[in-house]
Amino acid sequence: MHMRVLAAGAMATAAFITGALSGVGTAGAASSAPGVTSNSITVGSISTQTGPISSNFSSLIYGEKAYFDYVNAPKSKGGLGGINGRKINYKYALDDGGNTTTFNQLASTLINQDHVFAVTGVATASFEPNYFVEAKIPTYGYDVTGNWANEPNLFAAGGSVIYYPAESPEVAYVAKATHAKSIAIVAYGIAASNDACKAAGFGLIAAGYHVSYTDYNVNYPGSTVATDVQRMKAAGADFVISCMDVLGNINMARAIKQYGLHMTQYWLNGNDESTLQTNESLMQGIYFGTAHVPFSASTSQYPGLALYLKEMKKYEPKYIEDEVAIQGWESAALFVAGVKAAGKNLTQANVIAQTNKLPVFTANGLITPVYWGTTGHSGDAPPYCVAYIQAKGTTYIPVLNKGKNVFNCFNSISAKKGPVFPLPTGTPEPA
C-alpha cells in the first residue's frame, strides 16, 4: 500500500531551501493566528497507529518528531534553535485506528477544539480532505489515497499527486537491465494497490514488452498469491512487478522460492531495513525504487542524508531506516520551510502561499525535487526521478545509477525511453 509520490516541474536550485533554514532570527512577532504565541507554534498530526494496517502508517510520527526536535534544539547542540524565534510545539499525535469516522472526528478536534496552527503529519488510508480544505489549514503528510491533489493547502510529502503513468518507464528500465522477456504483475483488489500496477502494465504493453500474467485482485494479505506464482511459472514469467504490501510480497517471495522460479522481483513496497533483516534469505536480489537518497548512500557525498541519519539516531533510533518515518521527516521539513518563508507575517494563509512559491524543495537534499511553485499540486509533468536499490545481504545497495549520483530521471512516461543525464537542476547530487 506504500506508493511513492511522484512530482515534477521547472528548474531551480536546492540552495534556496538550505539557506531558508540557516538560522533562528529574532524573537517572534505577535500573531493572531491559531496555535501561535510569541515563542511557539502548536501543531498536531493524525495517523493510524493501531489496528490491522497500522504497520503501513504508524511510524510517520517518529520522523516528524525527530525533525521538530532538531529544529528546536539549541544551536550549541547541533539544532536550529527554533524558527524565526519560535519553537515547534508538537503537542498532538492522534490515532484514528484505521477508521474513517474516527479520522474525521479527530480532524474536527484538532481544528475546532485544539486550534492547531497546522496539521503537520497525516498518515492513514482514511484521509478525507474536507475539514482541512474548508478550514484552509496548512496540512502535510503521506499520500496513499490519491486525494491530496489540486487544493493549495494540502502538501503531501514528495508532491500532492500520485502520478501512476510514471511507473512505466521506471519499471521498464529495470526489466531492460535484467533482460526480462516475460513480465507478471500482481496487486490487491483495491485502488491504493492496483492503480499503480495497472498503469505500469498498460505502459509496458504499449512499449512492446510481453506481459504474460496479471492479477489485480489478489486477496489481502496475499493469501492467494501462491496460486499466482504457480500461474506465473506456467506462463513462463521471468520478471514480476508487485504492488502488494510487505505481507503479500513476502508470501510471494516464499512461493517463488518454493516452486523453484528464477525470476527478477520488483516491489513497490517492503524495503524497510527491519523487513530485510527478518526475511534476508527470501529477499536477496529484489529491486525497489525510492524517491529519496538511499540510506546506504555515501553520507560524505549527500549531506542531506547525513543530517537525517544523525538526527534520527539521536532522537528516534528505532526508525532510522523506516520508509514511512522519512515521510514524516519530509512533511515536517516542508512545514518549517513554509514558516521560515512566511517570516513576520505568520498566518496560515501566508504559510500556504509562501510554500506554494517555493521553486524547489528537496528536504535539504534528501529527496527528489518537488516544484511547489509550478507542479507540486499537479505532478504530471516530467522529470520523474527515482533511486533504484537492491537487497544484498542485510542492506539495500544503490544500483542501476550513473557515476556517484544515485538518481535516474525520466523525461517521458513512455516505457521505450530510458533515463536522462545530466540530471535535472535541483535533484540531490553528490556534494
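Please refer to the structure placed before this passage.
Residues numbered from 1 in each chain as written. Predicted model: local features only at pLDDT ≥ 70, side-chain atom pairs only at ≥ 80, totals over all residues. Heavy atoms only, no water.

## So, unusual backbone geometry
At the junction of Tyr-220 and Pro-221, the peptide bond is cis and its omega measures out at 0 degrees in the coordinates. Within the element layout of this structure, Pro-221 appears in the loop between β7 (211-218) and α7 (225-235). In this structure, Pro-383 follows Pro-382 across a cis peptide bond, with omega equal to 10 degrees. By the secondary structure assignment, Pro-383 is in the loop between α13 (348-355) and β11 (384-392). Even without being a glycine, Asn-84 presents a positive backbone phi close to 55 degrees. (Helix = DSSP H or I, 4+ residues; strand = E, 2+ residues; numbered from the N terminus.)

## Brief notes about the environment of Phe-117
Mapped onto the elements, Phe-117 comes out in the loop between α3 (100-113) and β3 (118-123). Judged by relative accessible area, Phe-117 falls into the buried class, the value being 0%. C-alpha of Phe-117 to C-alpha of Thr-42: the two residues are 75 residues apart in sequence and 5.9 Å apart in space. (Buried < 20%, exposed > 50% of the residue type's maximum accessible area, 1.4 Å probe, protein only.)

## Digging into the side chain of Ser-168
With respect to the helices and strands, the residue Ser-168 is situated in helix α5 (residues 167-177). Note on Ser-168: relative accessible area 2%, which makes it buried. With near-sequence residues (within four places) excluded, Ser-168 lies in contact with Ala-199, Ala-200, Gly-203, Leu-204, Ile-413 and Ala-415. (Contact = heavy atoms within 4.5 Å.)

## Details of the nonpolar core
If you look at soluble globular proteins, the nonpolar side chains tend to sit buried side by side. Ranked by internal contacts, the top residues of the largest apolar core, which has 56 residues, are Ile-41, Tyr-67, Phe-68, Phe-117, Tyr-308 and Phe-335. Listing elements by their share of this core, those giving two or more residues are β1 (40-47), α2 (60-72), β2 (87-95), α11 (303-315), α12 (325-342), α13, β11 and β13 (407-410). Contacts of Ile-41, omitting those with residues within four sequence positions, involve Gly-35, Val-36, Arg-86, Lys-87, Ile-88, Asn-89, Phe-117, Phe-335, Val-339 and Leu-346. Membership of the second largest hydrophobic core comes to 28 residues, among which are Ala-180, Ile-241, Tyr-287 and Val-386. (Core = buried A, V, L, I, M, F, W, Y, C linked by side-chain atoms within 4.5 Å.)

## Regarding the packing of aromatic side chains
Counted by the stated rule, this structure contains 23 aromatic pairs. Taking 5.1 Å as the distance between ring centres and 85 degrees as the angle between the ring planes, the aromatic pair formed by Tyr-308 and Trp-329 counts as edge-to-face. Residue Tyr-308 is located in helix α11, and its partner Trp-329 is located in helix α12; the two are separated by 21 residues in the primary sequence. Neither Tyr-308 nor Trp-329 differs from the other in exposure class; each is buried. Feature note: the residues Phe-68, Tyr-90, Phe-117, Tyr-140, Phe-155, Phe-335 and Trp-372 constitute an aromatic cluster, connected by ring pairs. (Phe/Tyr/Trp six-rings, centres within 6.5 Å; stacked < 30°, edge-to-face > 60°.)

The values reported here are purely geometric and, on their own, carry no functional implication.
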